[in-house]
Structure formats: C-alpha cells, structure tokens
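Letter by letter, the chains look like this.
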Amino acid sequence: MLFPSTVYLPLPKLLFMSKRFPELGIIEPLQKALADLQISVPTDIQEKAIPVVLNQKEDLVAVAKTGTGKTAAFGLPLLQLIDVENNNIQALILAPTRELGQQIHANLVEYSKYNTDVSIASICGGIPIKPQIERLKTTTHIVVATPGRLVDLVKRGAIDIKSLCYLVLDEADEMVTALKEDLDTIIKGIPKTRRTLLFTATLSGAIKQLVQNYMSKHVVHVEADMATTGHQGIDHQYVVVEPIEKLEVLLHFLNSKAGERGIIFCKTKAAVNKLAKKLAINKFSSGAIHGSLTQGIRDRIMGQFREGYIDILVATDLAARGIDVKDVSYVVNYHLPDTYDAYVHRSGRTARAGAKGLSLSVIQQEEVKEIPEFEEELGLVFTEFKKADAQSIEENNGLLWAKKIFKTKPNRTVSEDFKSQIKTIFHHLTKEELVDKILANYLAQNMTDKVKPEGSKKVKKK
C-alpha cells in the first residue's frame, strides 16, 4: 500500500467503462459548455475522478501527469456540487503559481458558461490586493488561489474559509516543497469535515506525508493509465555535448525547429537570463520568465508566447507552471532538473491535448549515468539524439550570421556621400556575386578566429 495507515476504497470497475460525459453524471449545462469547447470524450483521469467526486463522500488522491485534463476532472463535478443558495465560499482550489491559478479560473469560467449562478473568484499573488478584497465582498462560491496571497487575505480578515466543503490541491507535489509553510497554515484554518481532492503528477515522500497528516483515513486513490496517458506522444531524447559546444548544438537544434514553439528550461534565473540574451543576439524569437521578473513582465511575455508572437520561452521550473499551450512541439532541458518530479512537469509542457512532442535533454558526459536512473524512476525510455557534426554546426553558424544581417536595421545616421561611395564599390556586382564574396569573407574571418597561433595569446606580466 502507498500509505500504510490510509484505507483505500476499491472502485467498481463499472466506473471505468464510461465514454461520454453524460454517462459520468455531468449535467446538461456543463455538457453544452464542453461541446462549445469541442470536448466530447473524457480523458482517463476524468473518467476515473469525476464519478468519485460526484457520487462518493471520501477524500480523493488522483495521480496524473500534466496535460491529462486534471482541471476538468475536479472542476466539472465541483461546479455541479455547488449549492447556489448558499452564499458562503464552498470550494477552495489551491495552485502553486499565479499562471496556473489564472488558467484554472479561466477554465472554470468556460465550463460554467451556461451555469452562471456559480460565482468564481481568482485571488492570486503578483497583482494589487485591493480589487481582490472588493471582489470577495460579493457572493463567491469557488475561490482559486495561490497559497501566499490566500494567507495574506486571511490575516487581513478579507476572506472567510471556515465554511469550506471542498479543498482542491492542484499540482500538490509542487506546493508541498516550495510552499509548505503557507499550505500548512491554510489547512489548519479550514474545517476538518471538508473533502480534500489532491491532484499530483507524482507520489513523492512529501505528498505521502501530506496525505497522512491532512486527509481522512478513508481515501479513494485513482491513477491515470500512464501506459496510455502519462507520457503519450512524448519522445524522450538526450544529446551528449562538450561544454564548449553546448550552445552551438542548441542553436543548431532550434534552427531545425524554426516556426515551431518550444520551452527551454534552465536551473537558475541567471542561466535563464544568459541564455535568453544569447538567443536574442542570434535573432531567435524568444522571451524569458523567472521569479525575479515583475508579474506584469511575466504576464506580457506569457501572453506573447500563448498568442504566437514569440516561438521560444526560456524559463525556470516554477515560473513555467501553468503553461497550458497546446502546440508546444518541444521542450529542452538545457540543464537536467534536480528531481524526477521536475522532469515530469517539464516534459508535460509538450504533447498536450493528444499532440506529439519532444523532450530533449542536453547533457555532458558525466551526466550520462543519470539517464538510466530517470528511466527506472519514471518508467520512461530515452533514446540518444544524434548530435550535429562539425560541418553542420559551422553551416548553421553561417545561417545565424546571415539571419543577423537580414534582421539588422539600417543605420539612418550614415551620410549619403559615404553610402554612395560604398554603393560604387559594389556597383558592378550581381546579387549572386555579392553574396558569394560576403560569404567567403565570413568563412575566412571565422577560420582566422578559430585557428590562432599559440604565440598570439597574451601573457600576463607578473
């Protein structure tokens, strides 16, 4: 058993035979909203979780990877269970980041399109608190919150969560590590009689401890079929590089994915900034997000990524939570994550909503031994990505150089006389001849830079 002192209740096999939302017990107004969103077939975790939430009274532990429809798995039954005659806050949904909280709130609003009597509020950090306090003065049935902002509002007496019937912990494995103190404060301040619905991508030791401490003894456990759902559509690969060639190999890969959207993960904020600068210099359509940026900047960059104005997002793990973009075709681990859980969340940003995707880890020789450990722990199979050869790298560098020239804005301060003299020099060359000469000059210069005599190195005087 996963939790020795927890009693797991068996579920009738009949529950797993449903194929449509009406068969799961979802009411017509919610079905209509799902139809508008072109959602007709429940995912595996929705088939297993929705009947439990609707028809049983026990707490629920649901294990499912990102991109498997967890929001609808708890959101649809909660919207249906709300008593609109009761003006108290009845359901609290906690998310680790504002981005994820906003995504959950937006989804619930979409689901309740034809069930407008249910009032849903978002109270996440990173934005002014006063409008949220004013919002909470009106009738609110469901609150979607980040732990830190909720604790702040409770301390101010701006929110009453003492009448909660339902507590949902989404991405719980992230909250029990980074946000444990706030989470403990919240759980201690809500009714012990509430139902807790815990959704997690992994069953870490911290999650097991949370279940032991804060959930009832009788818990229903459901798990998405990982053989068909958890990593479906994700091709897990790794490429081994020398430190000096790491950036060039990445740039070659990104050039091969031109026009596709992807996310590159780095361990630290400094690494994110450094890599984002390198991409900008090489004229890649990219942006960076991490915890030290203001919420306004993060929102703007995320909006540009969602709407397709930028193709590449460079991010830290926590800052990338809540990224639910359907057409992210690849994820790059520029640095291997510290935990297996983090890898699950990273790779889960691609292959969403049934699409295919690639999760590529750029590693050094000493990290190769970690790949079998990831495979064993996560039940995955990694294949080695064929690194571009030296000639391909050189040619790609040339393409990047040409792209820089193409995207360079003309210098309007240049005098017409000087410009005329330059034109005179190139006057008799055809476009093809000009390209040949510029390219030859680039290749000669590049070779000179790479092959310098040892004696040319400067020696520091003692």
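Above: the structure in question.
These notes cover the structure that comes with them. (Residues numbered from 1 in each chain as written. Predicted model: local features only at pLDDT ≥ 70, side-chain atom pairs only at ≥ 80, totals over all residues. Heavy atoms only, no water.)

### A closer look at the nonpolar core
Residues L60, L76, I93, L108, I142 and F199 are the most contacted members of the largest nonpolar core, which totals 39 residues. With sequence-adjacent residues up to four places away left out, L108 is seen in contact with G75, L79, I93, I120, I142 and V144. In this structure, I89, I129, I159 and L198 belong to the second largest nonpolar core, which totals 34 residues. (Core = buried A, V, L, I, M, F, W, Y, C linked by side-chain atoms within 4.5 Å. Buried < 20%, exposed > 50% of the residue type's maximum accessible area, 1.4 Å probe, protein only. Contact = heavy atoms within 4.5 Å.)

### A few points about unusual backbone geometry
Located in the positive-phi region is Q38, a residue other than glycine, with phi close to 60 degrees. Mapping Q38 onto the fold places it in the loop between helix 2 (28-36) and helix 3 (44-55). The exposed category is assigned to Q38, whose relative accessible area is 76%. Positive phi, close to 50 degrees, is recorded for E171, a residue that is not glycine. Along the polypeptide, E171 turns up in the loop between strand 6 (166-169) and helix 8 (172-178). (Helix = DSSP H or I, 4+ residues; strand = E, 2+ residues; numbered from the N terminus.)

### Details of the sheet that holds strand 13 (residues 328-333)
Taken in spatial order, the 7 strands line up as 11-12-10-13-14-9-15 in an open sheet, and their pairing is parallel. Looking at the sheet topology across the chains shown, the edges are occupied by strand 11 (286-289) and strand 15 (383-384). As judged from the 4 bridges shared by strand 13 and strand 14 (residues 357-363), these two strands associate in the parallel manner. Paired with Y330 across the bridge in strand 14 is L358. (Pairing = 2+ DSSP bridges.)

### Quick notes on the packing of helix 4 (residues 70-81) against helix 5 (residues 98-111)
Where helix 4 contacts helix 5, the two axes come as close as 10 Å, and the packing angle between them is 50 degrees. Taken together, the axis directions place helix 4 and helix 5 in an arrangement best described as oblique. Crossing of helix 4 against helix 5: the hand is right-handed. Packed against helix 4, whose contacting residues are T71, A72, F74, G75, L76 and L79, the element helix 5 presents I104, N107, L108 and Y111 at the interface. Tallied by class, the residues present in the contact of helix 4 with helix 5 amount to 7 nonpolar, 3 polar and no charged. (Axes fitted to C-alpha atoms, helices over the stretch in contact; angles between N-to-C directions. Parallel < 35°, antiparallel > 145°, perpendicular 65-115°, else oblique. Left-handed = near helix turned anticlockwise from the far one by under 90°. Nonpolar A, V, L, I, M, F, W, Y, C, P; charged D, E, K, R; others polar.)

### Comments concerning the packing of helix 11 (residues 246-256) against helix 16 (residues 390-407)
Put simply, helix 11 and helix 16 touch, their axes get as near as 10 Å, and they point 70 degrees apart. Classified by the angle their axes make, helix 11 and helix 16 are roughly perpendicular. Every pair of crossing elements has a handedness; the one defined by helix 11 and helix 16 is left-handed. On helix 16, the residues that touch E248, V249, L251, H252 and N255 of helix 11 are S392, I393, N396, N397, L399, L400 and K403. Counted by class, the contact of helix 11 with helix 16 contains 5 nonpolar, 5 polar and 2 charged residues.

### Some thoughts on the pairing of strand 14
Most of strand 14 sits inside the fold, with 7 of its 7 residues counted as buried. Taking every second residue as pointing to the same face, both faces of strand 14 are buried, with G357, S359, S361 and I363 on one and L358, L360 and V362 on the other. Sheet analysis places strand 9 (residues 234-240) next to strand 14, joined by 7 bridges and oriented parallel. Residue H236 lies in a different strand from strand 14, and its bridge partner there is S359.

### Overview of the environment of H218
Secondary-structure assignment places H218 in strand 8 (residues 218-223). Sequence-wise, H218 and D59 are 159 residues apart; in three dimensions their C-alpha atoms are separated by 7.0 Å.

### Focus: the pattern of salt bridges
Tallying each qualifying case throughout the model produces 14 salt bridges. For D299, the salt bridge identified is with R98, shortest N-O distance 2.5 Å. Taken together, the residues D299 in helix 13 (residues 295-306) and R98 in helix 5 connect sequence positions 201 residues apart. The class for D299 is partly exposed, based on a relative accessible area of 26%. Owing to a relative accessible area of 10%, R98 belongs among the buried residues under this scheme. Here R156 and D152 are joined by a salt bridge, their closest N and O atoms 2.9 Å apart. Here the salt bridges do not stand alone but share partners, grouping K70, E171 and R349 into one network. (Salt bridge = Lys/Arg side-chain N within 4 Å of Asp/Glu carboxyl O.)

### Re the environment of L78
Following the sequence through the fold, L78 ends up in helix 4. Measuring from C-alpha to C-alpha, the distance between L78 and L54 comes to 7.9 Å, with 24 residues separating the pair along the chain.

### A look at a nonpolar patch on the surface
A contiguous nonpolar patch, built from F418, I422, I425 and F426 and spanning about 400 Å² of accessible area, is present on the exposed surface. Its place among the elements puts F418 in helix 17 (residues 416-426). (Patch = residues over 30% accessible without salt bridge, like charges linked within 9 Å, V, L, I, M, F, W, Y side chains within 5 Å. Areas by Shrake-Rupley, 256 points an atom, 1.4 Å probe, with all protein chains shown as cover.)

### Considering the environment of I281
Within the fold, I281 resides in helix 12 (residues 269-281). The sequence separation of I281 and K404 amounts to 123 residues, and the corresponding C-alpha distance is 8.0 Å.

### Points about the side chain of N282
The residue N282 is located in the loop between helix 12 and strand 11 in this model. Setting aside chain neighbours within four positions, we find N282 in contact with L251, L400, K403 and K404.

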